[in-house]
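# Descriptive analysis of the structure
Next come the chains, spelled out residue by residue.
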Amino acid sequence: TQLLEQSPQFLSIQEGENLTVYCNSSSVFSSLQWYRQEPGEGPVLLVTVVTGGEVKKLKRLTFQFGDARKDSSLHITAAQPGDTGLYLCAGRGGGSEKLVFGKGTKLTVNP
Amino acid sequence: DSGVTQTPKHLITATGQRVTLRCSPRSGDLSVYWYQQSLDQGLQFLIQYYNGEERAKGNILERFSAQQFPDLHSELNLSSLELGDSALYFCASSVVQGWNTEAFFGQGTRLTVV
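A tally of regular secondary structure across chain B gives zero helices and eleven strands. For chain B, the C-alpha radius of gyration of 13 Å lies close to 13 Å, the compact-globule estimate for 114 residues. Counting only C-alpha atoms, chain B reaches 40 × 25 × 25 Å along its principal axes. Contacts in chain B between residues far apart in sequence, at least 24 positions, make up 54% of those at least 6 positions apart. Looking at chain B as shown, the accessible area adds up to about 5,600 Å², and 46% of this sits on carbon and sulfur atoms.

What follows is the structure in structure tokens.
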């Protein structure tokens with residue numbers, strides 16, 4: 001069974017601060033995705049990474065896929081209250097199309 | 001708007017009852033996934049259908065079943081409901097194009113079993 005561990009589970013910071021959340025596994029994933037979910041809504045895809053060592057930037061968000069394709073990180077620069085939400089990583093691998101999710105990091109950015 | 005439609009949005013029912021949750025995928029998407037989200041377990045994969053056929057199975061209870069119809073909409077049937085089945089149930093759809101397939105989620109059905 002492929003498992004994705006996310007850390008930290010909760011993060012509360014002030015507007016303007018930087019932060020990094022992590023997604024780790026002992027399994028290799030062929031692709032990894034990051035989603036953001038707001039209360040009462042479904043997860044919304046932010047990015048997909050497929051190549052080991054890949055770095056993708058989306059405005060103030062930087063996503064990195066580990067060289068061994070077992071881990072990923074999400075770095076947010078100068079966080080804003082609008083970044084508040086649940087950040088989920090999800091991976092596919094082992095020949096399966098099944099998308100396995102981590103339990104998420106609940107981020108609160110205080111004004 | 002992801003293009004995935006789930007109904008109903010909220011459902012309150014008693015223990016022992018049976019309910020049906022419905023999902024209409026995005027136009028053109030052949031794959032439908034069902035997930036259960038609870039506070040302590042996070043998003044748990046239940047089952048996937050592709051073009052009407054079951055493709056992958058996760059931690060789906062025997063009391064739960066699903067199907068995908070010829071028009072590609074899907075239904076998740078939950079029977080003999082227990083208090084612990086209270087959760088958010090999400091449907092997602094995708095066009096299967098390899099390992100970086102993107103899944104688009106509906107807004108979910110909040111099921112409360114009382």
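A few words on unusual backbone geometry. Backbone torsion omega between Ser7(A) and Pro8(A) reads -10°, so that peptide bond is classified as cis. Looking at the element boundaries, Pro8(A) is found in the loop between β1 (5–7) and β2 (10–14). A cis amide bond, omega -10°, links Thr7(B) with the succeeding residue Pro8(B). Inspection of the secondary structure assignment puts Pro8(B) in the loop between β1 (5–7) and β2 (10–13). Of note in the backbone geometry, Ala78(A) takes a positive phi value of approximately 50° without being a glycine. Checked against the element boundaries, Ala78(A) lands in the loop between β8 (71–76) and β9 (85–92). Classification of Ala78(A) by relative accessible area gives partly exposed; the value is 31%. Phi at Leu72(B) is positive, roughly 80°, even though this residue is not glycine.

Contacts between the two partners involve 20 residues from chain B, matched on the other side by 22 residues from chain A. Roughly 1,800 Å² is buried in total at the junction of chain B and chain A, and carbon and sulfur atoms are behind 53% of that figure. If you look at where chain B meets chain A, you find five residue pairs in polar contact (both at pLDDT 80 or more). In terms of residue class, the side of chain B that touches chain A is built from nine nonpolar, seven polar and four charged.

This next bit is on the sheet that holds strand β8 (residues 74–78) of chain B. All names here are of chain B. Here four strands make up an open sheet; going across it, the order is β1-β3-β8-β7 and the pairing antiparallel. A single partner strand is all that each edge strand has here, and the edge strands are β1 and β7 (64–68). Strand-to-strand twist of the sheet, defined as the mean angle between neighbouring strand axes without regard to direction, takes the value 15°. The sheet contact formed by β1 and strand β3 (residues 19–24) spans three bridges and is antiparallel. Bridge pairing in β3 places Gln-6 opposite Cys-23.

What follows concerns the sheet that holds strand β3 (residues 19–24) of chain A. Residues and elements named next belong to chain A. A sheet is described by the order of its strands in space; here five strands give the open sequence β1-β3-β8-β7-β6, paired in antiparallel fashion. A single partner strand is all that each edge strand has here, and the edge strands are β1 and β6 (55–58). Here the strands of the sheet are splayed against their neighbours by 15° on average, with no regard to which way each runs. In this sheet, strand β7 (residues 61–65) lies alongside β6 in antiparallel orientation, the contact comprising four bridges. Looking across to β7, one finds that Lys-56 is bridged to Phe-63.

Our focus in this paragraph is the side chain of Ser72(A). All names here are of chain A. Within the secondary structure, Ser-72 is located in strand β8. Engagement of the side chain of Ser-72 in a polar contact is seen with the side chain of Trp-34, the distance being 2.9 Å. Of the polar contacts made by the side chain of Ser-72, one reaches the backbone oxygen of Gln-64; its length is 2.6 Å. Once residues lying within four places of it in the same chain are set aside, the contact partners of Ser-72 are Val-21, Tyr-22, Cys-23, Leu-32, Trp-34, Gln-64 and Phe-65.

What follows covers the pattern of salt bridges. Evaluated as defined, the whole model comprises six salt bridges over all chains. Across the pair Glu38(A) and Arg36(A) runs a salt bridge, and its minimum N-O distance is 3.2 Å. The residue Arg63(B) makes a salt bridge to Asp85(B) at a minimum N-O spacing of 2.8 Å. In this pair, Arg63(B) sits in the loop between β6 (53–57) and β7 while Asp85(B) sits in the loop between β8 and β9 (87–94), placing the two residues 22 residues apart along the sequence. The network of salt bridges with shared partners includes Arg63(B), Glu82(B) and Asp85(B).

Cut-offs applied
- Residues numbered from 1 in each chain as written.
- Chains lettered and ligands numbered in written order.
- Predicted model: local features only at pLDDT ≥ 70, side-chain atom pairs only at ≥ 80, totals over all residues.
- Heavy atoms only, no water.
- Helix = DSSP H or I, 4+ residues; strand = E, 2+ residues; numbered from the N terminus.
- Rg over C-alpha atoms; globule rule 2.2 N^0.38 Å.
- Contact = heavy atoms within 4.5 Å.
- Areas by Shrake-Rupley, 256 points an atom, 1.4 Å probe, with all protein chains shown as cover.
- Buried < 20%, exposed > 50% of the residue type's maximum accessible area, 1.4 Å probe, protein only.
- Buried area = accessible area lost by both parts, 1.4 Å probe.
- Polar contact = N/O pair within 3.5 Å; in protein donor to acceptor, adjacent residues only side chain to side chain.
- Nonpolar A, V, L, I, M, F, W, Y, C, P; charged D, E, K, R; others polar.
- Pairing = 2+ DSSP bridges.
- Axes fitted to C-alpha atoms, helices over the stretch in contact; angles between N-to-C directions.
- Salt bridge = Lys/Arg side-chain N within 4 Å of Asp/Glu carboxyl O.

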